[in-house]
Amino acid sequence: MPARTVRSSHAIHLAVLCALAGAGSAHAADSDADTTSSLPTVLVQAQSDTDSAITQAPTLTPLDATQPTAVISQHFIENNMPLTSNFSEIVALSPSVQSVSPNGPGLMENQVLSIRGFVDGQYNVTFDGIPFQDSNDFTHHSTSYFMTHDLGGVEVDYGPGTAATIGNATFCCSIDNQSKAPDAQTTLTPYVSFGSFHTQVYGAEFDTGKIDKWGGAAGYVDAESASSDGYLTNMGQLRKNIFSKFEVPVADNTVMTFVAMYNQVHQTVGVGATAAQIAQYGPTWGLSSDPTSQDYYGYNYDQIHTDFEYIGIKSQLGNWSLDNKVYTNAYYHTGHNGEDPNGETPNGTYFGANDVPGQLLTNNYRSWGDTFSATYTVGTFGDVKTGVWADRQSNERGLPEVDETLGGAINPNGANWLTYAGSSTCSLSDGSTASTMPATPGSTIAQPTAAEIFGAYSCNGGRLLSQKLITLQPYLMVDWNVLPGLTLSPGIRYDHFERDVNALVNVDTSTAQVYDNTYSAALPSFLAHYSITTNWAAYLQAAKGFMAPNEKDFNSNVPNSSNLQPQETWSYQAGSSWQDRQLSVSGDIYYIHFSNEIFHENISGQGTIYTNGGGTNYKGIEFNATYYVGMGLSLYANGSINRAKVIEDAQTNCTTGNCTGGLWVPNAPNATLAYGVIYDQHGFYASLLNKRVGHTYYAAGEQDAIGSYSILNAALGYTFGDNAGRFRGASVKVDINNLANNTGIFAYAGATAYLGTALYWTIPERNFDVTLSVPIR
């Protein structure tokens, strides 16, 4: 095999930085727009007390939590996560979470991240309280935004949240990323990491420290570059990222924040491997080095650059607390892929019978928006909270058929490449099959239409469209202090969503389609929180969730697809948490009724039909505990028992007989369990943590089960103390992932385009990284 290191000619651009900046972070539950209860200090100080269950806990449910919560601290991230990691790796240890990166930590976009059985696109991801998501299906690109080194914590909130929880997928949960605060001292911190798969990270962070002449302002700029060959064959990655945050008080009770991020990634991308390929080549199979094959790594790659910026202002004006963030973020993606990587589609294009067919993807979008929240404190009564989230996103997407042998030449008539290889067995979206085109390779044809150029006959589905999305979510809620320690919080959020699509070539039908949809719903919520003692609290919650149909759900020739209704959930959950120096423990039970679930069927002559069915019931039990033994040693465990089954009469409209009523939801584990030991004292840190995920089914109807699996990770590090002179604060650490070297199949990756052969993801083999960081003050 040739060397697999990827290279990029793109130079990273410096994000424009302005010191407008503001107050530090609020309580970690900042998926809620309500983050204005106080104005915390601008600067962060080093953690001094690690001798307790609270500070050593890998995942923690705070006493003021109003729903099941797993808070993952900056201290835990710094000591356990490789620098290449993303939020998807950080949350993997949490209860009810399944997350494995098949190419190694952060070395490709996460392919399977589910929470309580809800998959990506059915939960929110936020950064400093600002939601971000893809245009067509509300999914997220884990390698395209923030890197681990710039995070001050990550939180998993289980449930649709309160009325103040904003986002386009308030179904199940939220993953909330918080930027870290600036350092208290002027510091230059270079850092470097080396590890398995020829992984290398180089970076440097400059912290201004406290600037007295600017009223105590502070900020930092962090730039890093990462490269790796990846675990899977010929699936390398080159990533560059720059992140900045500046905070400055502008009055006694007002602070401003400016955050800017730019990320650039070039990565070769596989689609999984068939069982036959895994048996023949081993679990590392990704892409080939054969330029005559559709799975050649030179034909399957992404070039992505993104940015994320916001200016925030936070004020405490008498009884009023105000928080506002004006933001923009963008995602620009150009990608090539073979027509059927690791599949059976024969070669052949319009230009040559043996040429390699492929596709050229463009997916570009930008959001502009604002989050505003206000809290008014009414004496001993409690708080009245209100706010609004407004967002406008524009998106351009294209997917023409290309000849990869000729460097990506666009097929002049868009015909399904299969026809030039003598095949007519590919089923099109209208239920028909591809037939031989009148032209033959090399012949002259008439001027093509847009539909022809962008794949009117493509099995993979061409596209050429633009769309605009508008979201408006105002809310109102009250925290009523009914009794000492008891707070009742009723609230309501109004969710208004618009999608306007102009498609010259529809994704599935490959025909022109213009439509617009508007969905609105009132989403009530109610929670009760009771502080039983200073160490013990309990809560219960009921809330409605909402998600508008995805863009892909309307790609059908069938008229009734325009009558799709939003998918909704009602969540009911109750839990309790206890915290003292020796023990941190929490538990909860939940029940989620998912209604109006959108199902699809492929019907001959009509193509793919999308309809609202009944839904799914999700229910389970979760717990989370850390016990501090003493002398720096803690024991840790969390777990869940989960059920996610389609309601028996959910698919009353199914016509093919392949109905799934009463059966298990695909990709929903039946249980999770994590346990291990942590040592943190005198500068030394060590952990040994195991995560076990129960069995899943990757197809509807409880077909094709994937067995349970475990991943054992270890970390060992040392940080020099105050007596180390010029090495004060320097650290060295080693992370070892998958210590037991389990390389089995853990998830379904999809199917080949031609014959529908199943593709799978495997667990990356045992791997390690060594990280060195040296602050210069």
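What you see is a predicted model; the values in this text were computed from it and never measured.

### A few points about the overall build of the protein chain
Reasoning step 1: Scanning the protein chain for helices and strands turns up 5 helices and 37 strands.
Reasoning step 2: Pairs at least 24 residues apart make up 70% of the contacts formed inside the protein chain by residues separated by at least 6 positions.
Reasoning step 3: Surface exposure of the protein chain reaches about 28700 Å², of which carbon and sulfur atoms provide 58%.

### As for the nonpolar core
Reasoning step 1: By size, the foremost hydrophobic cluster in this structure holds 66 residues, and its most contacted members are I115, F146, I175 and F308.
Reasoning step 2: Considering each element in turn, this core owes the most residues, 4 residues, to strand β6 (residues 151-158).
Reasoning step 3: In this view, I115 contacts S96, V97, Y123, V156, Y158, C172, C173 and I175; residues no more than four positions away in its chain are not counted.
Reasoning step 4: Membership of the second largest hydrophobic core comes to 16 residues, among which are F197, V693, F746 and I763.

### Some details on the pairing of strand β21 (residues 513-531)
Reasoning step 1: Across 18 bridges, strand β20 (residues 486-505) lies against β21 in antiparallel orientation. What sits directly across from N502, in β21, is V514.
Reasoning step 2: In this sheet, strand β22 (residues 536-547) lies alongside β21 in antiparallel orientation, the contact comprising 7 bridges. What sits directly across from F526, in β22, is A542.
Reasoning step 3: A loop of 4 residues connects β21 with β22, the two strands running antiparallel in sequence.

### Describing the pattern of salt bridges
Reasoning step 1: Tallied over the full model, the rule gives 9 salt bridges.
Reasoning step 2: With its nearest N and O atoms 3.6 Å apart, the salt bridge here joins D323 to K325. Judged on exposure class, the residue D323 and its partner K325 are both buried.
Reasoning step 3: For K733, the salt bridge goes to D735, with nearest N and O atoms at 3.3 Å.
Reasoning step 4: We classify D735 as buried; its relative accessible area is 1%.

### Remarks on the confidence of the model for the protein chain
One rule of thumb: low pLDDT means the predicted coordinates there are not for detailed reading.
Reasoning step 1: Averaged over every residue, the pLDDT of the protein chain is 85; the share at 70 or more is 80%.
Reasoning step 2: In the predicted structure, residues 1-38 sits below a pLDDT of 50 and forms 128 contacts with residues beyond four places in sequence or in another chain.
Reasoning step 3: This stretch, residues 650-657, has a pLDDT under 50; its non-local contacts, to residues over four places away or in other chains, come to 14 contacts.

### Quick word on the sheet that holds strand β4 (residues 124-127)
Reasoning step 1: Overall, mixed pairing links the 5 strands, which are arranged β1-β6-β7-β4-β5 in an open sheet. Of all the strands in the sheet, the pair left with one neighbour each is β1 (69-73) and β5 (130-131).
Reasoning step 2: Taken together, the 4 bridges between β4 and strand β7 (residues 173-179) define a ladder with parallel strand orientation. Along β7, the bridge assignment pairs V125 with I175.

### Description of the packing of aromatic side chains
Reasoning step 1: If you walk through the whole model with that rule in mind, you get 31 aromatic pairs.
Reasoning step 2: Taking 5.7 Å as the distance between ring centres and 75° as the angle between the ring planes, the aromatic pair formed by F127 and F308 counts as edge-to-face. Here the residue F127 occupies a position in strand β4, and F308 occupies one in strand β13 (residues 301-317), the gap between them amounting to 181 residues. A single burial state applies to F127 and to F308, both of which are buried.
Reasoning step 3: With 4.6 Å between their ring centres and 50° between their planes, F684 and Y718 make a pair best called tilted. Highlighted residues: F684 in strand β30 (residues 684-693) and Y718 in strand β33 (residues 709-719), separated in sequence by 34 residues.
Reasoning step 4: We classify F684 as partly exposed; its relative accessible area is 44%.
Reasoning step 5: Residue classification places Y718 among the partly exposed positions, given a relative accessible area of 26%.
Reasoning step 6: The ring of Y590 is capped by R116, whose NZ or CZ atom sits 3.7 Å from the centre of that ring.

### Points about the side chain of T569
Reasoning step 1: In this structure, T569 sits in strand β23 (residues 567-579).
Reasoning step 2: Side-chain polar atoms of T569 contact the backbone oxygen of F171, separated by 3.4 Å.
Reasoning step 3: Ignoring anything within four residues of it in the chain, the contact list for T569 reads T170, F171, A543, K544, G545, I592, H593 and F594.

### Here's the deal with the side chain of E622
Reasoning step 1: Looking at the secondary structure, you find E622 in strand β27 (residues 615-630).
Reasoning step 2: We classify E622 as buried; its relative accessible area is 4%.
Reasoning step 3: Among residues more than four places away in sequence, those in contact with E622 are P68, S96, R116, Y158, S586, G587, D588, Y590, G639, S640 and N642.

### Quick notes on unusual backbone geometry
In most cases, non-glycine residues show a negative phi, while peptide bonds are predominantly trans.
Reasoning step 1: Phi is positive for D128, which is not a glycine, with a value near 50°.
Reasoning step 2: Mapped onto the elements, D128 comes out in the loop between β4 and β5.
Reasoning step 3: With a phi angle near 55°, N738 is a residue other than glycine that sits in the positive phi range.
Reasoning step 4: Its place among the elements puts N738 in the loop between β34 (731-737) and β35 (745-751).
Reasoning step 5: Among the residues examined, N738 registers a relative accessible area of 1% and is labelled buried.

### Concerning the environment of T306
Reasoning step 1: Position of T306 relative to the elements: it lies in strand β13.
Reasoning step 2: Residues T306 and Y332, spaced 26 residues apart in sequence, show a C-alpha to C-alpha distance of 6.1 Å.
Reasoning step 3: Those residues within four positions of T306 in sequence are excluded, and the remaining contacts are S144, Y145, M261, Y262, N263, A330 and Y331.
Reasoning step 4: Only 2.3 Å separates the side chain of T306 from the backbone oxygen of S144, close enough to count as a polar contact.

### Section: the environment of A57
Reasoning step 1: Structurally, A57 is set in the loop between α1 (53-56) and β1.
Reasoning step 2: Given a relative accessible area of 4%, A57 falls into the buried group.
Reasoning step 3: Distance in space between the C-alpha atoms of A57 and Y627 is 8.4 Å, their sequence separation being 570 residues.

### Description of a nonpolar patch on the surface
Reasoning step 1: Together, L317, W320, Y376, V378, F381, W480, V482 and L483 give the surface a local cluster of nonpolar side chains, amounting to about 690 Å² of exposed area.
Reasoning step 2: Every element with two or more residues in the nonpolar patch is listed here: β15 (357-378) and β19 (464-483).
Reasoning step 3: It is β19 that contributes the most residues to the nonpolar patch, 3 residues altogether.
Reasoning step 4: Structurally, L317 is set in strand β13.
Reasoning step 5: Of the residues examined, L317 reaches a relative accessible area of 47% and is grouped as partly exposed.

Rules used throughout
Residues numbered from 1 in each chain as written. Predicted model: local features only at pLDDT ≥ 70, side-chain atom pairs only at ≥ 80, totals over all residues. Heavy atoms only, no water. Helix = DSSP H or I, 4+ residues; strand = E, 2+ residues; numbered from the N terminus. Contact = heavy atoms within 4.5 Å. Areas by Shrake-Rupley, 256 points an atom, 1.4 Å probe, with all protein chains shown as cover. Core = buried A, V, L, I, M, F, W, Y, C linked by side-chain atoms within 4.5 Å. Buried < 20%, exposed > 50% of the residue type's maximum accessible area, 1.4 Å probe, protein only. Pairing = 2+ DSSP bridges. Salt bridge = Lys/Arg side-chain N within 4 Å of Asp/Glu carboxyl O. pLDDT = per-residue confidence, 0-100. Phe/Tyr/Trp six-rings, centres within 6.5 Å; stacked < 30°, edge-to-face > 60°. Lys NZ or Arg CZ within 6 Å of the ring centre and 35° of its normal. Polar contact = N/O pair within 3.5 Å; in protein donor to acceptor, adjacent residues only side chain to side chain. Patch = residues over 30% accessible without salt bridge, like charges linked within 9 Å, V, L, I, M, F, W, Y side chains within 5 Å.

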